[in-house]
Amino acid sequence: MNQSPVWHPFTQHGLGDPTPLIDRAAGACLYDADGNRWIDAISSWWVTTHGHAHPRIMAAIRAQTEKLDQLIFAGWTHEPAETLAAELIRITPAPLTRAFFSDSGSTSVEVALKMALGYWYNIGEPRHRILVLEHSYHGDTIGTMSVGERGVYNRAWQPLLFDVGTIPFPHEGQEQATLDALEAACSQKPAAFIVEPLILGAGGMLIYPAWVLAEMRAICARHNVLFIADEVMTGWGRTGTRFACDQAGVIPDIVCLSKGLTGGAIPLAVTLCTDPVFDAHYSTDRARTFYHSSSYTANPIACAAANANLEIWRDEPVQARIDALADAQAAHLALLAADPRARSPRRLGTIAAVDIVVPDNGYLSTFAPRLIAFARDHGVLLRPLGNSVYVMPPYCIAPDELAQVWDTIRASLDAL
């Protein structure tokens with residue numbers, strides 16, 4: 001354990017919780033300098049797909065550091081970015097033709113929102129309203145907080161957040177109410193509707209069916225409202241397919257990708273869009289330029305890692321690993337579902353979640369920090385969303401490692 005001047009994210013340091021000092025990682029596990037091991041049951045905040053320190057990705061990073069470390073991307077380019085953009089366009093539906101790089105999930109969504117507003121402004125029909133889905137989360141920058149659920153985690157910054165139109169979440173049996181609300185909101189000509197396809201991550205791993213996603217996309221198309229899919233968490237196999245939108249046959253106008261884009265090894269994000277969105281900014285008039293960037297846009301080392309990730313998807317049986325993990329998750333979840341202290345067991349692809357019955361539900365439930373500590377003491381990294389416990393491990397996790405994760409969750413119900 002370590003004590004340091006570091007200010008950690010989403011951490012209340014006043015509680016004095018210990019902070020393990022991790023020395024190395026391999027596969028689905030983390031290790032400290034003394035050799036203590038923790039199974040990474042949440043893919044280190046949902047980013048690690050093929051496993052920590054994957055040899056092919058590490059080799060690509062090492063090789064790129066010897067050639068080109070960083071380059072201004074405004075008016076200049078490099079081979080790793082060109083290769084990556086071309087491959088991303090190849091593996092996504094044909095209407096997605098342009099790739100704009102950034103450096104995190106939040107920035108990829110900020111880019112998407114600015115693209116949408118810029119599109120309407122530049123075609124001479126300015127629209128300003130964004131529609132969002134209830135309980136959603138899209139990041140922690142000002143724009144992404146604005147289009148996410150309002151609560152304790154962004155209350156201090158409410159004066160900075162812009163107003164949005166909120167569509168109710170399509171709970172089972174209430175799907176039509178959601179679609180009717182979206183239809184009515186779209187008739188008012190908003191600029192865009194942004195969704196996490198099929199599952200809301202930080203909102204509590206809330207799952208909705210593919211046919212609802214398809215209907216939401218159709219409603220937006222009928223009303224000429226731009227459809228933004230935030231696949232930052234759902235992309236790269238988490239939901240059982242490479243992208244969640246694939247399960248609904250949905251092609252967004254704009255899609256946001258990050259996290260597993262580099263296999264989780266290094267920060268990188270991309271916002272893909274269709275020709276009309278790009279063309280609205282294409283001109284001999286410099287005033288119509290898309291004014292957005294970051295210093296590390298399309299960093300060559302990060303792009304090299306992403307290219308290695310795409311090679312792994314091409315060359316290795318990634319889908320078979322995803323399918324096997326999904327089946328194993330279903331089996332473990334079924335065992336826990338018999339416990340009356342667990343409710344709403346749910347799974348989508350490799351993601352499994354369950355709500356624990358406690359007196360204080362919600363994000364600030366006291367159960368969460370107690371489970372985190374219990375799991376840490378039992379060699380597992382978990383980070384529940386309040387009383388909602390989820391397991392989202394790397395695809396390489398071994399059967400005995402996954403069993404240890406679920407055994408720890410079951411043991412915590414007795415201990416806590």
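All values derive from a computational prediction rather than experimental measurement.

Student: What should I look at first to understand helix 10 (residues 318–337) in this one?
Tutor: Along an α-helix, residues three or four positions apart point the same way, because every turn accommodates 3.6 residues. Between its terminal C-alpha atoms helix 10 stretches 28 Å, which fits the 28 Å expected from 20 residues at 1.5 Å a residue. Buried within helix 10 are the following residues: V318, I322, L325, A326, Q329, H332, L333 and L336. Burial along helix 10 is one-sided: seen end-on, the buried residues are contained in an arc of 135°. Turned more than 90 degrees off the buried face of helix 10, the exposed positions are D327, A334 and L335. Where helix 10 is buried, its residues contact helix 9 (300–315), strand 13 (342–348), strand 14 (351–356), strand 16 (388–391) and helix 12 (399–415).

Student: I tried to follow the UniProt feature "binding site: substrate" (unreviewed entry) in the protein chain on my own but got confused; where do I start?
Tutor: In the numbering adopted here, UniProt assigns the feature "binding site: substrate" (unreviewed entry) to W45, Y137, K259, S293 and R383. Spanning 339 residues, the annotated positions stay apart in the fold, the maximum distance between their C-alpha atoms being 32.0 Å. Along the chain, Y137 falls in the loop between strand 5 (130–133) and helix 5 (142–146). Not counting residues up to four positions away in its chain, the partners in contact with Y137 are G148, E196, A202 and D230.

Student: Hey, could you run me through a nonpolar patch on the surface in this one?
Tutor: On the surface, F10, W45, V152, Y363 and L364 cluster together into a nonpolar patch covering about 480 Å² of accessible area. Tracing the backbone through its elements, the reader meets F10 in the segment before strand 1 (22–26). On the basis of relative accessible area, F10 is assigned to the partly exposed category, the value being 39%.

Student: What is the right way to read the sheet that holds strand 10 (residues 226–230) from this model?
Tutor: Where strands meet in a sheet, backbone hydrogen bonds hold them as pairs that are either parallel or antiparallel. Pairing within the open sheet is mixed, and its 7 strands lie in the order 4-12-11-10-7-5-6. Each having just a single partner strand, strand 4 (96–102) and strand 6 (165–167) make up the two edges of the open sheet. For this sheet, the mean angle separating the axes of adjacent strands, direction not counted, is 20°. Here strand 5 pairs with strand 6 via 3 bridges, running parallel. Following the sheet pairing, L131 is matched in strand 6 by G165. Where helix 3 (residues 79–91) meets the sheet, its contacts fall on strand 4 and strand 12 (269–274), and the angle it forms with strand 4 comes to roughly 135°.

Student: Explain the UniProt feature "modified residue: N6-(pyridoxal phosphate)lysine" (unreviewed entry) in the protein chain here, please?
Tutor: Taking the numbering used here, the UniProt-annotated feature "modified residue: N6-(pyridoxal phosphate)lysine" (unreviewed entry) corresponds to K259. Overall, the relative accessible area of 23% leaves K259 in the partly exposed class. Filtering out sequence-adjacent residues up to four positions away, K259 remains in contact with W45, W46, V47, V232, M233, G264 and L268. Engagement of the side chain of K259 in a polar contact is seen with the backbone oxygen of W45, the distance being 3.2 Å.

Student: Looking at this structure, I do not really get the nonpolar core. What am I missing?
Tutor: Burial of nonpolar side chains together is a common tendency in soluble globular proteins. Counting 94 residues, the largest nonpolar core has L88, F193, M205, L213 and M216 as its most contacted members. The dominant element in this core, judged by the number of residues it contributes, is helix 9, at 9 residues. Leaving out residues up to four positions away in the same chain, M205 has contacts with W46, I199, L200, M233, R346, I351, A353, L385, Y390 and M392. W120, V132, I228 and C273 belong to the second-largest nonpolar core, a separate cluster that totals 24 residues.

Student: When you look at the pairing of strand 13 in this model, what are you seeing that I'm missing?
Tutor: The side chains of a regular strand alternate between the sheet's two faces. Here strand 13 runs beside strand 14; their pairing, made up of 5 bridges, is antiparallel. Within strand 14, the position partnered with A342 by the bridge is I356. Taking the residues between adjacent antiparallel strands as the criterion, strand 13 and strand 14 are bridged by 2 residues, where G349 takes a positive phi near 60°.

Student: For this particular structure, what's the right way to read the pattern of salt bridges?
Tutor: Where side chains of opposite charge bring their charged atoms close, a pairing between them can arise. Per the counting criterion, the structure on display carries 15 salt bridges. For R346, the salt bridge is made with D355, and the minimal N-O distance between the two is 2.9 Å. Overall, D355 belongs to the buried group, its relative accessible area being 14%.

Student: What exactly am I supposed to notice about the packing of aromatic side chains here?
Tutor: Centre distance and the angle of the planes are the two values used to describe a pair of aromatic rings. This structure, assessed with the given rule, holds 11 aromatic pairs. Where F10 meets W45, the ring centres are 5.9 Å apart and the plane angle is 85°; that geometry is what we call edge-to-face. You can see F10 sitting in the segment before strand 1 and its partner W45 sitting in helix 1 (residues 43–46), a full 35 residues away along the chain. Between the aromatic rings of W46 and Y390, the centroid separation amounts to 5.9 Å while the plane-to-plane angle is 80°, which identifies the pairing as edge-to-face. In this pair, W46 sits in helix 1 while Y390 sits in strand 16, placing the two residues 344 residues apart along the sequence. The buried category is assigned to W46, whose relative accessible area is 8%. An aromatic cluster is defined as three or more aromatic residues linked by ring pairs; in this entry it consists of W236, F243 and W313. Between R98 and the ring centre of F278, over which it is positioned, the NZ or CZ distance is 3.9 Å.

Criteria and cut-off values
- Residues numbered from 1 in each chain as written.
- Predicted model: local features only at pLDDT ≥ 70, side-chain atom pairs only at ≥ 80, totals over all residues.
- Heavy atoms only, no water.
- Helix = DSSP H or I, 4+ residues; strand = E, 2+ residues; numbered from the N terminus.
- Expected span 1.5 Å × (residues − 1).
- Buried < 20%, exposed > 50% of the residue type's maximum accessible area, 1.4 Å probe, protein only.
- Arc of directions from axis to C-beta.
- Contact = heavy atoms within 4.5 Å.
- UniProt positions renumbered as here; feature names shortened; annotations may be inferred.
- Patch = residues over 30% accessible without salt bridge, like charges linked within 9 Å, V, L, I, M, F, W, Y side chains within 5 Å.
- Areas by Shrake-Rupley, 256 points an atom, 1.4 Å probe, with all protein chains shown as cover.
- Salt bridge = Lys/Arg side-chain N within 4 Å of Asp/Glu carboxyl O.
- Pairing = 2+ DSSP bridges.
- Axes fitted to C-alpha atoms, helices over the stretch in contact; angles between N-to-C directions.
- Polar contact = N/O pair within 3.5 Å; in protein donor to acceptor, adjacent residues only side chain to side chain.
- Core = buried A, V, L, I, M, F, W, Y, C linked by side-chain atoms within 4.5 Å.
- Phe/Tyr/Trp six-rings, centres within 6.5 Å; stacked < 30°, edge-to-face > 60°.
- Lys NZ or Arg CZ within 6 Å of the ring centre and 35° of its normal.

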